[in-house]
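Structure at a glance
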Amino acid sequence: MGVGVHSFCQFGLIVLLVSIHCDAKGDFGDFEPDEPAISPERVAQFYTETLVQSAWKEEQRCSENVFRSRAAAKANGKKPSVGVEPTVGLGAALLIFLGVGIFAVGIAQAFQMVRKHVYHDADNLDTAFDAGGKVSIGLTATTIVSQWTWSATLLQSSTVASKYGISGPYWYAGGATIQIIIFSILSIMLKTRAPGAKTFLQVIKARFGKRTHLVFCTFAFFTNLIVMMSLTIAGTAVLNSLVADLSPELAAMLLASVIGGYTLIGGLGATFYVSYFNTALIFVLILMLVVEVFYNPFNNPENPFGSSESVFEFIACWKAPEEPMGNKGGSYLTFFSSGGLVFGIVNIVGNFGTVFCDQAYWQSSVAAKPLQGVWGFISGGLVWFAIPFTLATTMGLAYIGLSSAQG
């Protein structure tokens, strides 16, 4: 996340939360039923005992592995699991946040000291905004990956995979990679034609005048407002679903404190180095999830999979509602999905405004040399593609497979 608007918006949200009085309990239980359940009619829309495949193929029954898993899921009066149950205690979560915050602030402070005592950079606002203007390709790429990895990258991508099957991850990842790669053109144009500019709004004012500048200021403000709300609310939702007894207000405050703290201390340069560790952690977690779902190395009894063939068996025995989803033949294993295609088009169009009107990406361009900026955005876009595509394919298909395993 870039320095400046994002950090101030994060802290502004905390002030807003404190100032608003709400008569509700203040947790997500206000919006959930007391006893969540799935109706038999709803289950019947998905349940099948034959393989979902092309019409010209001979009808086949599901494998015995599927029937055994469904029988075990209902044995001894078991009920299907619904929703996510918090598994992390509040104390442990606060310790994790404290550790991450101290680590990030340490990196930010170290960057400040190196910049001051080794490179003898001037300690002013311009240096805080451009990180010296000599950021490498690798750091630019990792920062782009970290900036573009929103909470929606991990949550919404898996959701579209569970709705549209294998087409969902592709349309999400591909539809949001195009803008980052195309932005490399704007990056080199900014550095060669307006090398002294720190924001894209400065370029707009110099080229098109005050009125157009005010219009784009409005666009930029609402873009950052929507981005800030999306990141904070979705991050708060994730923390509430994982941590027991954590209020949304405290979750939002923790997010803002950690992110805003190291950004304000180290400026833009600190975000580059913290983003490097964020990106590395994300890829490590994705690899762990892939290994768990497709290999099950520890023979977890709650994991009915263990191989790609097993995942296929379960998904092929769970049909998609053809009318609302538009999947051909009611299969989750097809790219012929009108719903997935519509989502892909909306995703491509909408993300152009999100990227081009967000100062965070322009700051990454300002912080790098022209050539490094171009290759940084291209490599960052290609590397980022792997995150939602791999995660959504793994977790979205695992969700469908577990639904099939529970019957």
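Summary of the structure given here.

What counts, and at which threshold
- Residues numbered from 1 in each chain as written.
- Predicted model: local features only at pLDDT ≥ 70, side-chain atom pairs only at ≥ 80, totals over all residues.
- Heavy atoms only, no water.
- Helix = DSSP H or I, 4+ residues; strand = E, 2+ residues; numbered from the N terminus.
- Buried < 20%, exposed > 50% of the residue type's maximum accessible area, 1.4 Å probe, protein only.
- Contact = heavy atoms within 4.5 Å.
- Areas by Shrake-Rupley, 256 points an atom, 1.4 Å probe, with all protein chains shown as cover.
- Phe/Tyr/Trp six-rings, centres within 6.5 Å; stacked < 30°, edge-to-face > 60°.
- Lys NZ or Arg CZ within 6 Å of the ring centre and 35° of its normal.
- Axes fitted to C-alpha atoms, helices over the stretch in contact; angles between N-to-C directions.
- Parallel < 35°, antiparallel > 145°, perpendicular 65-115°, else oblique.
- Nonpolar A, V, L, I, M, F, W, Y, C, P; charged D, E, K, R; others polar.
- Core = buried A, V, L, I, M, F, W, Y, C linked by side-chain atoms within 4.5 Å.
- Patch = residues over 30% accessible without salt bridge, like charges linked within 9 Å, V, L, I, M, F, W, Y side chains within 5 Å.
- Salt bridge = Lys/Arg side-chain N within 4 Å of Asp/Glu carboxyl O.

1. Considering the overall build of the protein
Counting secondary structure elements, the protein contains 16 helices and 0 strands. Relative to its 407 residues, the protein shows a buried fraction of 44%. Sequence-distant contacts, at least 24 apart, represent 76% of the contacts inside the protein between residues at least 6 apart. Working note: accessible area of the protein is about 21600 Å², and carbon and sulfur atoms make up 67% of it.

2. With respect to the packing of aromatic side chains
Taken as a whole, this structure holds 18 aromatic pairs when the rule is applied. A centroid spacing of 5.5 Å and a plane angle of 85 degrees characterise the contact between W148 and W150, whose relative ring orientation is edge-to-face. Among the residues examined, W148 registers a relative accessible area of 4% and is labelled buried. Its end group placed over the ring of F336, K328 keeps NZ or CZ at 4.9 Å from the ring centre.

3. A short note on unusual backbone geometry
Non-glycine residue N296 carries a positive phi angle of around 45 degrees. Locating N296 in the fold gives a position in the loop between α11 (248-294) and α12 (308-316). Exposure remark for N296: the relative accessible area of 9% places this residue in the buried category. With phi around 50 degrees, N299 is a residue other than glycine that occupies positive phi space. Looking at the element boundaries, N299 is found in the loop between α11 and α12.

4. Some thoughts on the packing of helix α3 (residues 64-74) against helix α16 (residues 370-406)
For any two helices packed against each other, one specifies the inter-axial angle together with the distance between the axes. Packing of α3 against α16 brings their axes to within 6 Å, and their N-to-C directions diverge by 70 degrees. When the axes of α3 and α16 are compared, the pair comes out roughly perpendicular. Listed contacts from α16 to V66, S69, R70, A73 and K74 of α3 are S404, A405 and Q406.

5. Overview of the packing of helix α6 (residues 137-148) against helix α15 (residues 359-366)
At their nearest, the axes of α6 and α15 sit 10 Å apart, and the two run at 175 degrees to each other. With respect to α15, the axis of α6 lies roughly antiparallel. Along its contact with α6, which presents T140, T143, I144, Q147 and W148, the element α15 presents A360, Y361 and S364. Residue composition of the contact of α6 with α15, by class: 4 nonpolar, 4 polar and no charged.

6. Some details on the nonpolar core
Inside soluble globular proteins, nonpolar side chains tend to come together where they are buried. Residues W148, I180, Y332 and Y361 are the most contacted members of the largest nonpolar core, which totals 50 residues. At 8 residues, α16 tops the list of elements feeding residues into this core. Residues within four places of W148 in sequence aside, it is in contact with T153, A176, I180, N351, T354, V355, Y361 and W384. Counting 9 residues, the second largest nonpolar core, distinct from the first, contains F97, L239, L246 and L255.

7. Brief notes about a nonpolar patch on the surface
Residues I178, I182, I185, I188 and M189 make up a contiguous nonpolar surface patch of roughly 380 Å² in combined accessible area. For M189, the location among the structural elements is in helix α8 (residues 167-193).

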